[in-house]
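# Survey of secondary and tertiary structure
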Amino acid sequence: MSECKGPGEVSYVASSDKLCANCMNYGWKQPTDKNILTRCSKCQCLYYCSKECQSEHWEKVHKQHCKYLAELKVKAQSRHDPLSCPGCKEEAKVGPVEMAKQDNSTLGCPLATYYAPLVFLPDHGDGNKTSAPLPFKLGEMTGQFLTKAEHTVSLMMRILHKMKVTKHAAWTIKPEASLYIYTMVNALRNNIWVVYISGNPGQMLDDLLAANTNIERLVDMIISRAEVIDEKLTAVQFLDQSLYRPWDMFKLLLDIIRQFRFDVARKAAESVGMAEDQQMMVTWSQFNNMWQEVLDSMPGHLIPYTGILHILCGGQLTQVCFGCAMEITVSDVLLSTTKQLNPAVSYYFFGVISGSVCGDVDCVAKVGQAALALVKSYKEIFKSVDYICDYCALYIRGKCLRCSRCLTKVYCGEQCRKEDW
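Read on for a plain summary of the structure. (Residues numbered from 1 in each chain as written. Predicted model: local features only at pLDDT ≥ 70, side-chain atom pairs only at ≥ 80, totals over all residues. Heavy atoms only, no water.)

Moving on: the overall build of the chain. Along the backbone of the chain there are 17 helices and 13 strands. Against the 2.2 N^0.38 benchmark of 22 Å for 421 residues, the chain shows a C-alpha radius of gyration of 23 Å, consistent with a compact globule. C-alpha extents for the chain along the principal axes are approximately 65 × 50 × 35 Å. A fraction of 64% describes how many contacts in the chain between residues 6 or more apart in sequence connect residues 24 or more apart. Summed over its atoms, the accessible surface of the chain is roughly 19400 Å², and 52% of this surface lies on carbon and sulfur atoms. The positive charge centre, built from 46 side chains, and the negative charge centre, built from 44, are 6 Å apart in the chain. (Helix = DSSP H or I, 4+ residues; strand = E, 2+ residues; numbered from the N terminus. Rg over C-alpha atoms; globule rule 2.2 N^0.38 Å. Contact = heavy atoms within 4.5 Å. Areas by Shrake-Rupley, 256 points an atom, 1.4 Å probe, with all protein chains shown as cover. Lys, Arg positive; Asp, Glu negative; His and termini not counted. Charge placed at Lys NZ, Arg CZ, Asp CG, Glu CD.)

Okay, structure coming up:
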């Protein structure tokens, strides 16, 4: 068990380095001497710096996974079976002819065959396993996902599948870019699974995902290829006026994952008393509730793009422009990655801040400035946070309760200390 660190110093990285799985959960300093790390003798997947860390991680996480990672048992519903997969059954019911129509909303399933998904792990060159079966249920089989992040990535894969089947312009105009994006979305899913294997369930798991630099890097790589496709579509003056606009829906979900990276800083700032009356500021609960509402709106089917706009705008598309205060009617979403504006279009934006804006360049610039100022405030306040409660993941400024036995774990109050004992 290693030295305790404050959250301003913590980096949750799914690294190729050998890391103590338990220390990574709590942001504790990893041992500099990697030779002291020992592998789980049964599954050969995870490493620990001490017996104490291994014992705690076993009780909280690993005993649920080890026998499946070791291939001693197969977790129920961890493998994709097209005969019982809801997405595959729906796609078969609709049939290939209807599935190929752009006015058909069925997403289907990209996992069309029977197969056993694997979690791919870094190769440390010491005989550790570099892949293992899923030790948890596959969301496509159950309809339930451990986190909103994984649910979003699964939905992104299904939308890409739909675009391929319908030969959507965004899929066909630059095939190598489309295939690259699909590959990277799969890699994104794998990185989420890697975090699941070591991460404590609950809010701490969400924080690990939000702050994971591998996930951030993959999202940025996907965005860069999406921009290539958009440039090609602009060059041929393609404008998607279909009911569902799947490519725009995909980019919206990708932007939500990108905005998710601010979740830890947002929550930390609010935990220590950052004012919620700042103009247009989206609170942690507002962001996550809206994210869940978007996901719930597409249980196997796309909804009309205007339906997503109504969700984001709270059911009211008539809004007031943040920049010029003119009354506008929202018809599109302004993403954090949007580069080309249509002056005839009014936008809704949602992420660090939320609101509406007309297509005027100066008005949109004001939105960007407000978002950047708030992100800067988040980062500054985050640096001032002293501890993270090792039970409920609440961010603490000032005094905390420390475990009197190990002197490493810290808590926001007596109740969390008792619950974690």
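Okay, the packing of helix H9 (residues 175-198) against helix H10 (residues 203-210) next. It is the contact of H9 with H10, at a shortest axis distance of 10 Å, that shows an interaxial angle of 140 degrees. Considering their axes alone, H9 and H10 lie oblique with respect to each other. For the pair H9 and H10, the sense of crossing is right-handed. Across the interface between the two elements, Ile-192, Val-195 and Tyr-196 of H9 pack against Leu-205, Leu-208 and Leu-209 of H10. Of the residues contributing to the contact of H9 with H10, the split by class is six nonpolar, no polar and no charged. (Axes fitted to C-alpha atoms, helices over the stretch in contact; angles between N-to-C directions. Parallel < 35°, antiparallel > 145°, perpendicular 65-115°, else oblique. Left-handed = near helix turned anticlockwise from the far one by under 90°. Nonpolar A, V, L, I, M, F, W, Y, C, P; charged D, E, K, R; others polar.)

Let us look at the environment of Cys-400. Residue placement: Cys-400 occurs in the loop between strand E11 (395-396) and strand E12 (401-402). It is 54 Å that separates the C-alpha atoms of Cys-400 and Pro-175, two residues lying 225 residues apart in sequence. Excluding residues that lie within four positions of it along the chain, Cys-400 makes contacts with Tyr-387, Val-410 and Tyr-411.

Right, let's talk about the pairing of strand E9 (residues 354-357) for a bit. Alternating positions in E9 separate into two faces, Ser-354 and Ser-356 on one and Gly-355 and Val-357 on the other, with burial throughout. Bridge count for strand E8 (residues 347-350) against E9 is four bridges, and the pairing is antiparallel. Looking at E9, one finds that Phe-349 is bridged to Gly-355. What sits between E8 and E9 in their antiparallel hairpin is a turn of three residues. (Buried < 20%, exposed > 50% of the residue type's maximum accessible area, 1.4 Å probe, protein only. Pairing = 2+ DSSP bridges.)

For the rest of this paragraph, the subject is the layout of surface pockets. Size it by volume and the largest pocket reaches roughly 1200 Å³. Listed by contribution, the elements that provide at least two residues to the lining of the largest pocket are helix H11 (213-235), helix H12 (246-260), helix H15 (305-312) and strand E7 (332-333). Sorting elements by how many residues they give to the lining of the largest pocket places H11 first, with seven residues. For the lining of the largest pocket, the per-class residue count stands at 18 nonpolar, 10 polar and 10 charged. (1 Å grid on protein atoms, 1.4 Å probe; cavity = no way out; pocket = protein on both sides within 12 Å on 5 of 7 lines; lining within 4 Å. Points joined across faces, edges and corners; volume = space filled by probe spheres on them.)

What follows concerns the pattern of salt bridges. For the coordinates displayed, the defined rule picks out 22 salt bridges. Lys-60 is the partner of Glu-56 in a salt bridge, and the nearest nitrogen-oxygen pair spans 2.9 Å. Highlighted residues: Glu-56 and Lys-60, both in helix H2 (residues 51-60), separated by four residues, approximately one helical turn. Here Glu-59 makes a salt bridge to Lys-63, at a shortest N to O gap of 3.2 Å. A residue is classified by how much of its surface remains accessible, and Lys-63, at 33% relative accessible area, is partly exposed. (Salt bridge = Lys/Arg side-chain N within 4 Å of Asp/Glu carboxyl O.)

It is worth spelling out the side chain of Asp-248 at this point. In this fold, Asp-248 is placed in helix H12. Given the relative accessible area of 18%, Asp-248 is considered buried. Within the structure, the side chain of Asp-248 is placed 2.9 Å from the side chain of Arg-245, a separation counted as a polar contact. (Polar contact = N/O pair within 3.5 Å; in protein donor to acceptor, adjacent residues only side chain to side chain.)

Another aspect to go through is the packing of aromatic side chains. Per the counting criterion, the structure on display carries seven aromatic pairs. Within the aromatic cluster, the residues linked to one another by ring pairs are Phe-260, Phe-287, Trp-291 and Phe-350. Sitting above the plane of the Tyr-305 ring, Arg-245 keeps its charged end 3.9 Å from the centroid. (Phe/Tyr/Trp six-rings, centres within 6.5 Å; stacked < 30°, edge-to-face > 60°. Lys NZ or Arg CZ within 6 Å of the ring centre and 35° of its normal.)

With that settled, consider the sheet that holds E7. Spatially, E7-E8-E9 is the arrangement adopted by the three strands of the open sheet, whose pairing is mixed. Only two strands of the sheet have a single neighbouring strand rather than two, namely E7 and E9.

The subject of this paragraph is the environment of Arg-39. Inspection of the secondary structure puts Arg-39 in strand E1 (residues 38-39). Along the sequence, Arg-39 and Val-282 sit 243 residues apart, while their C-alpha atoms lie 42 Å from each other. Not counting residues within four places of it along the chain, the set of residues in contact with Arg-39 comprises Gln-44, Leu-46, Tyr-47, Asp-126, Gly-127 and Asn-128. A distance of 2.6 Å separates a polar atom in the side chain of Arg-39 from a polar atom in the side chain of Gln-44.

The phi dihedral of Gln-44 falls on the positive side, at around 65 degrees, and the residue is not glycine. Mapped onto the elements, Gln-44 comes out in the loop between E1 and strand E2 (47-48). Non-glycine residue Arg-245 carries a positive phi angle of around 45 degrees. Checked against the element boundaries, Arg-245 lands in the loop between H11 and H12.

Attention now goes to the side chain of Ser-50. With respect to the element layout, Ser-50 can be found in the loop between E2 and H2. Only 3.1 Å separates the side chain of Ser-50 from the backbone nitrogen of Cys-53, close enough to count as a polar contact.

Our next topic: the packing of helix H14 (residues 284-296) against H15. Direction vectors running N to C along H14 and H15 enclose 155 degrees, while the axes themselves pass 10 Å from each other. Overall, the two elements H14 and H15 adopt an arrangement that is roughly antiparallel. Relative to H15, the crossing made by H14 is right-handed. Contacts from Met-290, Glu-293 and Val-294 in H14 reach Ile-308, Ile-311 and Leu-312 in H15. Its residues placed into classes, the contact of H14 with H15 shows five nonpolar, no polar and one charged.

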